Amino acid sequence: MIGAVDIGGTKIAVGMIDEDGCVRSQLETPTDPERGYADALDRITELLRETARLAGCEISGIGIGSTGPVYPLTGEFGNVNFFPAWEGENPVHDLEKRFHVRVAMENDADAAALGEARWGAGKDKERLVYVTVGTGIGAGILLNGELYRGVDQAHPEIGHHVIDPSGPLCACGFRGCWESLAAGPAMVNWMKIHARPDYPQVDTLTAKKICELAVRGDELAKQAVQNEAKYLGLGLANLVTMFVPDAIVLGGSVMKSAPLFLDGIRRVIVASCRLVPFEKTEVAVASLGENANLIGAASVWHYRFSERRCHAD
Ligand SMILES: [Zn+2]
């Protein structure tokens, strides 16, 4: 049984994941980074012990997926915007000392990519791109079964490839990144710009609510969905042109409404990908659901230690 730790900007989820990728127990705590790294480490330790007790098992290894940047091969946090004071701390070494098992960490999008490749919609795909669309856009790339890493172990930031240089200002400081045009908040912004003054509850809209309104036939929400599908499609078409993967797997909160977007996405891919066999790239929806990140964290351990030892080197 693998102890899984998913460290996000707002919460830390901990669970026990069995050999088939099933969640046997699960608890969570707010990240509360201002309480300090030592406090978070104590809480993670406690939750690992408690979830192991609930599942009635011994922990045989621990996998961590964390919002980035992180250094997977040393186990250190980089300069993460949600908890900058934790930079240089090493949860891999610290949890190894406490539990006397092997521990591995990856960026959370890479972890989810590994999870989908091992147990989910990306199973048996050698060339796989996993894309998560929520408040931002993240991605993990597996080429020939290996997690792609850049120089200095850097995780490529595909959500910040530029789609429209005259587009909206992005959280990263540049303009027109994919994330600024196609993440959940971009849908909300589009609605705010295009809604007439009498449109109801425009200030409390979320991507989820816009999708619900579109399903109920609201014309403006339907246009917002079309616009979202176009910009999702442009970024995905770029990925098809650049990697021609076996599959692109779509996860994250916005992709809970994936059926609304898939036709529009496919239309953009057909129109844009002129020089590659785009029809051979499957566009699939993530199948690990709500727990994709937690299950992904467990798959980090399997990837590093149980099948191909060379991944650690
Ligand atoms: Zn950006």
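Before going into details, it helps to say that this report is about the structure given with it. Per chain, residue numbering runs from 1 following the sequence as it is written. Since the coordinates come from a predicted model, pLDDT governs what is reported: local features require at least 70, and pairs of side-chain atoms require 80 or more to be given and counted, while whole-chain, interface and lining totals use all residues. The basis for every side-chain value is the complete set of heavy atoms in the structure, and neither hydrogens nor water enter the calculation.

Donor atoms: N, O and S within 2.8 Å of the metal, or within 3.2 Å for Na, K and Ca. Because water is excluded, sites can look incomplete. All of the protein donors around the zinc ion are H160 (ND1), C170 (SG), C172 (SG) and C177 (SG); their distances to the metal are 2.0 to 2.3 Å. Working rule for geometry: tetrahedral if four donors all subtend angles between 85 and 135 degrees; square planar for four, octahedral for six, if opposite donors exceed 155 degrees and the others stay between 65 and 115; irregular in every other situation. Coordination geometry of the zinc ion: the four donor atoms subtend angles of 104 to 121° at the metal centre, consistent with an arrangement described as tetrahedral. In the primary sequence, the donor residues of the zinc ion line up as H-x9-C-x1-C-x4-C. Throughout, exposure labels follow a simple rule: accessible area from a 1.4 Å probe, protein chains only, divided by the maximum for the residue type, with under 20% read as buried, over 50% as exposed, and the rest as partly exposed. Overall, C177 belongs to the buried group, its relative accessible area being 1%.

So, on to helix α2 (residues 91-99). Within the sequence span of α2, burial applies to P91, V92, D94, L95 and F99. For α2, the angular spread of buried residues about the axis comes to 165°, placing them on one side. Whenever two N or O atoms come within 3.5 Å, that pair is a polar contact, provided that in protein one can donate a hydrogen and the other can accept it, and provided that, for residues adjacent in sequence, both atoms are side-chain atoms. Here a strand is any run of E in DSSP of at least two residues, a helix any run of H or I of at least four, and the numbering for each starts at the N terminus. At the N-terminal end of α2, a side-chain oxygen is found 3.1 Å from the backbone nitrogen of V92, two or three residues along, and the residue is N90. The first or second residue beyond α2 is H100, which carries a positive phi of 55°. It is the directions from the helix axis to the C-beta atoms that the arc portrays.

Two strands qualify as a pair provided that DSSP identifies no fewer than 2 bridges between them. Ordered in space as β3-β2-β1-β4-β7, the five strands form an open sheet in which the pairing is mixed. The open sheet terminates on both sides in strands that have one partner only, identified here as β3 (23-30) and β7 (103-107). Here the average twist between neighbouring strands, direction ignored, is 15°. With six bridges connecting them, strand β1 (residues 2-7) and strand β2 (residues 11-17) associate as antiparallel partners. Counterpart to A4 in the pairing with β2 is G15. α2 contacts β4 (61-66) and β7 of the sheet and is inclined by roughly 155° relative to β7. Axis lines are fitted through C-alpha atoms, for helices just across the contact stretch, and the angle between N-to-C directions can take any value from 0 to 180 degrees. Every residue pair with non-hydrogen atoms within 4.5 Å of one another is taken to be in contact.

Along the polypeptide, S180 turns up in helix α4 (residues 178-182). For S180, the side chain forms a polar contact with the main-chain oxygen of C177, separated by 2.7 Å. Excluding anything up to four places from it in sequence, S180 contacts P168, L169, C170 and A186.

Glancing now at the packing of aromatic side chains. Only Phe, Tyr and Trp rings are paired, with Trp represented by its six-membered ring, and only when their centres lie within 6.5 Å; those with planes under 30 degrees apart are stacked, over 60 edge-to-face, the remainder tilted. Counted by the stated rule, this structure contains six aromatic pairs. Taken together, a centroid distance of 5.3 Å and an interplanar angle of 70° make the contact between F77 and F83 edge-to-face. Across the pair, F83 and F77 agree in class, each one buried. An angle of 25° between the planes, with centres 4.2 Å apart, marks the rings of F83 and W86 as stacked. Summarising the burial analysis for this pair, F83 and W86 share the class buried. Of the aromatic side chains, those joined through ring pairs into one cluster are Y37, F77, F83 and W86. Whether a charge sits over a ring comes down to the Lys NZ or Arg CZ being within 6 Å of the ring centre and within 35 degrees of the ring normal. The positively charged end of R49 is found above the aromatic ring belonging to F99, 5.2 Å away from the centroid.

Okay, the pattern of salt bridges next. Salt bridges are counted wherever a side-chain nitrogen of Lys or Arg sits within 4 Å of a carboxyl oxygen of Asp or Glu. Counted under the stated rule, the structure contains 14 salt bridges. For the salt bridge of D42 with R98, the shortest nitrogen-to-oxygen distance reads 3.0 Å. Of this pair, D42 sits in helix α1 (residues 37-55) while R98 sits in helix α2, placing them 56 residues apart in sequence. For D42, a relative accessible area of 42% translates into the label partly exposed. Each member of the salt-bridge network shares a partner with another, and the members are D32, R35, D39 and R43.

We now examine the packing of helix α6 (residues 207-215) against helix α7 (residues 219-243). When two helices pack together, their arrangement is given by the angle between the helix axes and the distance between those axes. Closest axis-to-axis distance for the α6/α7 pair is 7 Å, and the angle between their directions is 120°. Where α6 crosses over α7, the two elements pack in a sense that is left-handed. From α6, I210, L213 and A214 reach across to α7, where they touch A221, K222, A224 and V225. Any residue that is not Ala, Val, Leu, Ile, Met, Phe, Trp, Tyr, Cys, Pro, Asp, Glu, Lys or Arg is counted as polar, Gly included; the first ten are nonpolar and the last four charged. In terms of residue class, the contact of α6 with α7 is built from six nonpolar, no polar and one charged. By convention the crossing between two helices is left-handed if the near helix lies anticlockwise of the far one by an angle smaller than a right angle, and right-handed if it lies clockwise.

What follows is about the sheet that holds strand β11 (residues 247-251). If you walk across this open sheet you meet the five strands as β10-β9-β8-β11-β12, and the pairing is mixed. The sheet terminates laterally at β10 (146-147) and β12 (282-285), the two strands that pair on one side only. Relative to strand β9 (residues 137-143), strand β8 (residues 128-133) runs antiparallel, the two being bridged by six bridges. Among the inter-strand pairings, Y130 is bridged to a residue of β9, identified as G140. The sheet strands contacting α7 are β8, β9 and β11, and the helix crosses β8 at an angle near 160°.

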